[in-house]
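Chains, contacts and geometry: an overview
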Amino acid sequence: MTTDAEPHLFSSSVETLLARADELCVRRNVRLTALRRQILGLMLEANVPLGAYDLLQRLQALQGNAAPPTVYRTLEFLMEFGLIHKIERLSAFMPCTHTLGRAPCHEHDADCVHASQFLICRNCSSVTELEDPTILASIAAASKKSGFRLQHTTVEVEGLCAKCVAPA
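In every chain, residue numbers begin from 1 and rise along the written sequence. Predicted model: local features are reported for residues with pLDDT of at least 70 only, side-chain atom pairs are reported and counted for 80 or more only, and whole-chain, interface and lining totals are derived from all residues. Only hydrogens and water are set aside when side-chain values are computed; all heavy atoms of the structure are taken into account.

Under the annotation held in an unreviewed UniProt entry, the chain carries the name Transcriptional repressor and is attributed to Acetobacter aceti. Taken directly from UniProt, the Sequence similarities (unreviewed entry) text for the chain runs: "Belongs to the Fur family." UniProt positions are given in the numbering used here, feature names are shortened, and annotations may be inferred rather than shown by experiment.

Have a look at this one:
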C-alpha cells in the first residue's frame, strides 16, 4: 500500500481496487509488493487487455530499469492469486473483475470454481468479462458426466462488440 509520503500514481477508483487487491493478498498470506501493485495498477488504469511487452514499456516509462523477467514473474504471481486473467486469444492480460469487486463477488473456498467467460471483439479487441452461472453449470454437468473434476474454466468467445456492430 502507498503511504502518505508517496504520490498516488493512479486514479481514486484504481486506488480503491488496488486496496482490495492488497486486502486479498494479506488474507492469503502473500504480499502485493510495490512492483506488483504498480503493474496491477497499470492494467486497471488501461481498461484494455495488455501484453507483457506493453506492460514493460509502461513500467519503463515510470522506472527505466524494468526488465522482461520482472514483468513475467509479476504476471505469474497476479494470475496465481486470481487478480488477473490471461486472454490466450490476444496473448494479453486483464484484471479479474470478479476478484477485485467490479462484479458481484463471494468468498471462495477451496472447492469453488472460478469460471470466467470472455467476449472478445474481433474488430477492436475489446474484452468483456462475464461470469454466467448457467455456462458454468453446463460445463460442470458435462465434466461430471465424463468423470472429470472441474477446477477452473475459461471460455473465450469471439465476435463483434456492440460498438462495432452498431451502424456507422
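So, on to the UniProt feature "binding site: Zn(2+)" (unreviewed entry) in the chain. Taking the UniProt record as the reference, the feature "binding site: Zn(2+)" (unreviewed entry) is found at Cys121, Cys124, Cys161 and Cys164. Of the residues just listed, which span 44 residues, no C-alpha pair is farther apart than 8.1 Å, and they cluster in one region. Tracing the backbone through its elements, the reader meets cysteine 124 in the loop between strand 3 (114-121) and strand 4 (127-130). Its relative accessible area of 41% is what places cysteine 124 among the partly exposed residues. We call two residues in contact whenever any of their non-hydrogen atoms come within 4.5 Å of each other. Excluding anything up to four places from it in sequence, cysteine 124 contacts Cys161 and Cys164. The secondary structure listing takes helices from DSSP runs of H or I that are at least 4 residues long and strands from runs of E that are at least 2 residues long, numbered from the N terminus. The topology assignment puts cysteine 164 in helix 6 (residues 162-165). Residue exposure (1.4 Å probe, protein chains only): buried if accessible area is under 20% of the type maximum, exposed if over 50%, otherwise partly exposed.

In what follows, salt bridge is the name for a side-chain nitrogen of Lys or Arg lying within 4 Å of a carboxyl oxygen of Asp or Glu. Taken as a whole and judged by the stated rule, the model has three salt bridges. Here glutamate 15 and arginine 37 are joined by a salt bridge, their closest N and O atoms 2.4 Å apart. A residue pair is termed long-range when its members are at least 10 positions apart, and glutamate 15 in helix 1 (residues 12-27) and arginine 37 in helix 2 (residues 34-46) qualify at 22 residues. Relative accessible area serves as the criterion here: at 12%, glutamate 15 is assigned to the buried category.

What follows covers the packing of helix 2 against helix 4 (residues 68-80). Inter-axis angles, ranging from 0 to 180 degrees, are taken between N-to-C directions of lines fitted to C-alpha atoms, where helices are fitted over the stretch in contact. Relative orientation of the contacting elements helix 2 and helix 4 amounts to 80°, with a least axis distance of 10 Å. Judged by the angle between their axes, helix 2 and helix 4 are roughly perpendicular. Within the contact between the two elements, helix 2 uses Leu35, Arg36, Ile39, Leu40 and Met43 and helix 4 uses Thr70, Val71, Thr74, Leu75, Phe77 and Leu78. Gly falls in the polar group here, along with every residue not listed as nonpolar (Ala, Val, Leu, Ile, Met, Phe, Trp, Tyr, Cys, Pro) or charged (Asp, Glu, Lys, Arg). Across the contact of helix 2 with helix 4, the residue classes break down as eight nonpolar, two polar and one charged. Comment on the angle field: the value is read as roughly parallel under 35 degrees, roughly antiparallel over 145, roughly perpendicular from 65 to 115, and oblique elsewhere.

What follows covers the nonpolar core. Here, the term nonpolar core denotes a set of buried Ala, Val, Leu, Ile, Met, Phe, Trp, Tyr and Cys residues that are joined through side-chain atoms within 4.5 Å. Ranked by size, the top nonpolar core spans 29 residues in total, and within it Leu40, Leu75 and Leu83 carry the most contacts. Counting residues per element, the ones that place at least two in this core are helix 1, helix 2, helix 3 (52-62) and helix 4. Not counting the four nearest positions on each side in its chain, leucine 40 is found in contact with Leu18, Ala21, Leu78, Leu83, Ile84 and Leu100. Ile87, Met94, Phe118 and Ile120 belong to the second largest nonpolar core, which has five residues in total.

So, about the packing of aromatic side chains. Stacked, tilted and edge-to-face are the three classes applied to pairs of Phe, Tyr and Trp rings, where Trp contributes its six-membered ring and a pair requires centres within 6.5 Å; stacked means planes under 30 degrees apart, edge-to-face means over 60, and tilted covers the rest. According to the stated counting rule, one finds two aromatic pairs in the structure shown. Taking 6.3 Å as the distance between ring centres and 75° as the angle between the ring planes, the aromatic pair formed by tyrosine 53 and tyrosine 72 counts as edge-to-face. With tyrosine 53 in helix 3 and tyrosine 72 in helix 4, this pair connects stretches of sequence that are 19 residues apart. For tyrosine 72, a relative accessible area of 37% corresponds to the partly exposed category. Ring centres 4.8 Å apart and planes at 45° place the aromatic pair phenylalanine 77 and phenylalanine 81 in the tilted group. As far as the burial class goes, phenylalanine 77 and phenylalanine 81 line up, both buried.

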